[in-house]
Amino acid sequence: MNLLARLRSWLKWVVKRQRLESDLEAEVRFHLDSYAGELVRSGVPAAEAVRRARIEFGGIESHKDAIRASVGLRWWDDLWGDLQYGARILWKSPGFTSIAVVSLALAIGANTSIFSLANQLLYAQLGVPHPEQLRLLTIIASEHSVVHSSWGSVSPAAGGGTRFASFTYPIYQQLRKESHVLDDIFAFKENIQANATIDGAAQAVRLELVSGNLYEQMGVRPVLGRPILPSDDQAPGTGAVATISEGLWERAFGKSPDAVGKVITVNMTPVTVIGVNPRAFTGAMSVQSSADIFMPLSMIPVVKGELGTSGPLLSSSEIWWVQLMARQKPGVPVEQARAALNVAFSAAIHATMTVAKNDTIPRLDLEDGSRGLNFYGKHFARPVYVLLAVVGFVLLIACANIANLMLARSSARQREMSVRLALGAGRGRIMRQVLTESLMLAAIGGAVGLFLGYLSRTALPKLLLNAWEREGMKVPFDWKVFSFTAGVTLATGVLFGIAPAWNATRAEIGTAIKDGGKASTKKRKGWSGRTLVAFQVALSTMLVFGASLFVRTLINLDAVDVGFRADNLVLFDLNPPNKQYPAPKDIALHARVEQALRDVPGVEGVTLTDIPLLANSVSESDFSVEGAPKTNEPHGEGSGAMQSTVGQDYLSVMGIPIVAGRNFRAQDVEAPQRFSIVNQALARKYFPKQNPIGRRFTMDDSNTKNRSWLEIVGVAADTRYANLQQETPPLHFDLYRQSKDIGGATYVVRTRLKPDAIVPSLRAVVQDIDRDLPLLGVRTQRQQINGTISQERVFASLTATFGILALALACVGIYGIMAYAVSQRTNEIGIRLALGAERGQVQGMVLKEAGRLAAVGVVVGIAVALGLGQLVKSMLYGLRPSDPASLVGAAVVLLGVALLAGWVPAMRASRVEPMEALRHE
Amino acid sequence: VGKQIDLLQGTLDMLILKAVSLGPLHGYGVLLRIQQISGEQLQIQQGSLYPALYRLEHQGWITGEWGESDNNRKAKFYSLTAAGKRQFQSETEKWNHMASVIAGILRSSPEEI
């Protein structure tokens, strides 16, 4: 109550200051006049009365000050004064101010954006209540496990073996029934591409299929409509309902509430939209991006009929494909749950499938599910940590820079401090003044940094995506990260601003004024500044060296000969829905499209392939040569070959030369004998010193009766396959029209037209054949190749940027410390010159000192860089982490910059006029 | 002329509250009223009255309003607010209590201890 009254009164004073001051004036005048009037009435002469009234009133100004203090205006007035003074000081030295602000802003901006990205990629959790309770069920399988065919990502497990997150649907149902150590287990299948038609417009969408209990278990309520319920997820093929992501709601329905109840088609099947997900809910797969459409798992036949020969997915006990998650039960330790689940899992395997004699039962594991499948977290962990280290170094350099500037500046202002102390300023008052200045500087730097961080918030995720992909990942601006980095840099500024001020105010006033900070001998106090500069140089050396490694990696990758003519190729994907085009209808469709595209004006050649080159895709085949001894080694590295299923013009359209034998011919596709062309790597590996032409091979298991044999008709030159980094693997090209099925394929069109110019006519041709078949992922082969090295590109550009930034900061640091040293030693230099020193000697003296500082930093920096280089070894291409060119380059650049930065002060020192310097105090 | 007493620390606020509790007064009027009630025994430096007045106003215990003085000049009149009335009462009680306790102590004879 009282506080409120005081606040109101204080605000009134701040806002109506002028009026209240004049009121106060009038009130005092009234008092004086009244008293003087009374004195006059009691017989005192008028002039004397006024004098006595004033005397008895006391000092008017000091009373006014007391009044201002009593309404809480004292600190406000002081602060205002400090701010004005601070602004004047900062304005007077624009060089200092702008360097400090830019250092602060870049450090804060860079750290905010990279830390936000890291936070989002590595630590963000699913947008559901209590994500920390979620557990992801995974399988660790050794060789010869019962898992023979799976659909989903597979990765090597930490302790050997293979890690899956996929289960068969019957095992899921068994586990769900038997398990009492977790809450109800829910299932999902993520990242399925499908074609949807919404309001007549066909578009590619990403599906996530979910079990009927997922929404309930996740605890998610749609913002509109209802969630998918257990009753939706019943018999296979039923439950034609869908919830949509907020993104799709906005994109396709303009956020209209009418979206609920609309019927859309997904792969030709009509589906009713029943709800819209909240923005925070991104499904169970990943935190970073959401599927567009969520449907019950019972709808899986719509998107994926059968895989192989094992019947429908929902009843297949062969195919491991569905992902499982559950909430941990309170009070049940993970260890106990894991043990109990393993028992249930083993029982479920025996109950649902026949276990062969040599098959091993995989182990079930419970992983942290709070980040979903956490693909990004695993994929980007190393590069993100490297980036974090890099921006961390930039932050350190910036802090060192600010510390340096502050130190140099406050020692230069020692005299001013002493004068103010001598005039009676309290130490607290001076410290407050310095603090205000530091904070002002920090506030400006922070504001600019905030702006930079905000800008890069949208720019960074785009760098990580391929040019033709829709923006899939959101990085929210992270206030916590911003306040942390801002806090660190501000603290540096304040600390290094305050510490010298503290020293200054403790100094003996007399000596400081006399000394004037211009003692003619070097003093020890310079060391902290020098250490900071050497530290900066060391950090910059590391960053420049790192940048050089990544830039050279990128250059090496760009220079890789891909082995085919990559220019003037336009690529797009066509995914005919399995349900509508079961084999062999898919092959017929592709043959029709391929033929139709050939006639489009501007098209010089058309072909298609299941595995586009340099797209990080591979297809392995169980390659065995006819008549070759049967090898017993298990599948994996060292055996088999890679395969591409292609159109007959593939080699000529791609521009891959034939080195032996012949190319495919038009009549080959009709022939009963299957033909294949192998690359040189395959010929070398399987037919050393032999002619492979005319030999036959098979991809079928040796147990299969009536194995299908392919005859090698030609040898093609080697090309890069999945990516630029790896040497060409053994690879054979087979004709898709001689295959059993192909499904989706990537079309390659050779044309001199720009993609924008040719794509509309390509699209028209495809839609003539099937109106609901969209062209997906339209890109050029060059974009495709660049896409595979986008991470390297991002790295090279980010580290180069930070390297240059570090150089600039170090340059400023060296310049600052040398210029300061020269100005402090003007007197000494004057004496040297007067005693006969050459101007060149003086220059050399200053340059030598700058060089020495830099050399110490460079040596330390390179030593540390060599150690850290090992950590990024796997991210380099064509050079070792101890790349001598980069080492020498970084050292030379840093020394050069140091000498350059020392040059200006050196010239200034050599131009000192001895007489002036000596007279100058 | 009676012997003048220096004001005890902190009691000026209470005297001002008492003075204005009897009716709105301008600053000079407050001074006169205190001197009048105290029988000219209290010595207040005239100027120091004002910081106290502004402090009380700042705390919301009195409120000032501009009006006409007896000699038709504009003057700022202070009056007690509701909060000020409560404050004055509690201060008075505290003061009286303290005065009686201290008086009791001073009155006590050796036998009682």
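Residues numbered from 1 in each chain as written. Chains lettered and ligands numbered in written order. Predicted model: local features only at pLDDT ≥ 70, side-chain atom pairs only at ≥ 80, totals over all residues. Heavy atoms only, no water.

## Regarding the pairing of strand β6 (residues 201–210) of chain A
Residues and elements named next belong to chain A.
Inference 1: Where strand β5 (residues 186–198) and β6 come together, nine bridges link them in antiparallel fashion. When the sheet's bridge partners are listed, A194 is paired in β6 with V205.
Inference 2: Following β5, the chain reverses through two residues before pairing antiparallel with β6; D199 in that reversal takes a positive phi of roughly 50 degrees.
Inference 3: Both β6 and strand β11 (residues 293–296) contribute to a ladder of four bridges, which runs parallel. The partner of L207 across the bridge, within β11, is I293. (Pairing = 2+ DSSP bridges. Helix = DSSP H or I, 4+ residues; strand = E, 2+ residues; numbered from the N terminus.)

## Here's the deal with helix α5 (residues 74–92) of chain A
All names here are of chain A.
Inference 1: Over its 19 residues, α5 extends 27 Å from the first C-alpha to the last, a length consistent with the 27 Å expected when each residue adds 1.5 Å.
Inference 2: Among the residues of α5, D82, G86, I89 and L90 are the ones counted as buried. Buried residues of α5, viewed axially, fall in a sector of 90 degrees; they line one side. Turned more than 90 degrees away from the buried face of α5, the exposed residues are W80, R88, W91 and K92. (Expected span 1.5 Å × (residues − 1). Buried < 20%, exposed > 50% of the residue type's maximum accessible area, 1.4 Å probe, protein only. Arc of directions from axis to C-beta.)

## Here's the deal with the packing of aromatic side chains
All names here are of chain A.
Inference 1: The final tally for this structure, using the stated rule, is 18 aromatic pairs over all chains.
Inference 2: Their ring planes at 85 degrees and their centres at 5.5 Å tell us that W10 and W76 sit as a pair that is edge-to-face. In this pair, W10 sits in helix α1 (residues 2–15) while W76 sits in helix α5, placing the two residues 66 residues apart along the sequence.
Inference 3: On the basis of relative accessibility, which here comes to 16%, the residue W10 falls in the buried class.
Inference 4: Residues Y650 and F733 carry aromatic rings whose centres are separated by 5.6 Å and whose planes lie at 40 degrees to one another, so their mutual orientation is tilted. Of the two residues, Y650 is situated in helix α19 (residues 650–654) and F733 in strand β24 (residues 731–735); the sequence distance between them amounts to 83 residues. Side by side, Y650 and F733 carry an identical accessibility label, which is buried.
Inference 5: Three or more aromatic residues joined by ring pairs make a cluster, and in this case those are W10, W75 and W76.
Inference 6: In this structure, R662 is placed above the aromatic ring of F675, and the distance from its NZ or CZ to the ring centre is 5.2 Å. (Phe/Tyr/Trp six-rings, centres within 6.5 Å; stacked < 30°, edge-to-face > 60°. Lys NZ or Arg CZ within 6 Å of the ring centre and 35° of its normal.)

## Remarks on the packing of helix α2 (residues 27–37) of chain B against helix α3 (residues 49–58) of chain B
Packed helices, taken two at a time, are described by the angle their axes make and the gap between the axes.
All names here are of chain B.
Inference 1: Two numbers describe how α2 lies on α3: the axes approach to 10 Å, and their chain directions differ by 110 degrees. Considering the angle they form, α2 stands roughly perpendicular to α3. When α2 is examined against α3, the residues G27, Y28, V30 and L31 are found in contact with a partner set consisting of L49, Y50 and L53.
Inference 2: Grouping the constituent residues of the contact of α2 with α3 by class yields six nonpolar, one polar and no charged. (Axes fitted to C-alpha atoms, helices over the stretch in contact; angles between N-to-C directions. Parallel < 35°, antiparallel > 145°, perpendicular 65-115°, else oblique. Contact = heavy atoms within 4.5 Å. Nonpolar A, V, L, I, M, F, W, Y, C, P; charged D, E, K, R; others polar.)

## Regarding the interface of chain B and chain A
Inference 1: Across the boundary between the two partners, chain B contributes 26 residues, which contact 26 residues of chain A.
Inference 2: For chain B, the biggest contributors to the area lost against chain A are B:Y28, B:Y54 and B:H58; these three give 32% of the whole.
Inference 3: Here chain B and chain A share one salt bridge between them.
Inference 4: The residue B:R73 makes a salt bridge to A:D33 at a minimum N-O spacing of 2.6 Å.
Inference 5: Of all the elements in the fold, those that place two or more residues in the side of chain B that touches chain A are α2, α3 and β5 (74–80) of chain B.
Inference 6: Ranked by residues supplied to the side of chain B that touches chain A, first place goes to α3(B) with six residues.
Inference 7: Among the residues making up the side of chain B that touches chain A, the classes are represented as 10 nonpolar, 11 polar and five charged. (Buried area = accessible area lost by both parts, 1.4 Å probe. Salt bridge = Lys/Arg side-chain N within 4 Å of Asp/Glu carboxyl O.)

## Some points on the confidence of the model for chain B
Residue and element names in this part refer to chain B.
Inference 1: The share of residues in chain B with pLDDT of 70 or more is 90%, and the mean pLDDT across the chain is 84.
Inference 2: Ranking the elements of chain B by mean pLDDT puts strand β1 (residues 5–6) last, at 63, and helix α4 (residues 82–107) first, at 91.
Inference 3: At the level of chain-chain contacts, confidence expressed as ipTM amounts to 0.87, with global pTM at 0.72. (pLDDT = per-residue confidence, 0-100.)

## Some words on the pattern of salt bridges
Residue and element names in this part refer to chain A.
Inference 1: Inspection of every chain in the model, using the stated rule, returns 39 salt bridges over all chains.
Inference 2: A salt bridge links E367 to R163; the nearest nitrogen and oxygen atoms lie 2.7 Å apart. Taken as a pair, E367 in strand β14 (residues 363–368) and R163 in strand β4 (residues 162–164) lie far apart in primary sequence, 204 residues in all.
Inference 3: Looking at R163, the relative accessible area reads 10%, which means it is buried.
Inference 4: The partner of R176 in a salt bridge is D184, with the nearest N and O atoms 2.8 Å apart.
Inference 5: Judged by relative accessible area, which is 27%, D184 ranks as partly exposed.
Inference 6: Several salt bridges share partner residues, and in doing so they unite R17, E21, D65, R68 and D77 into one network.

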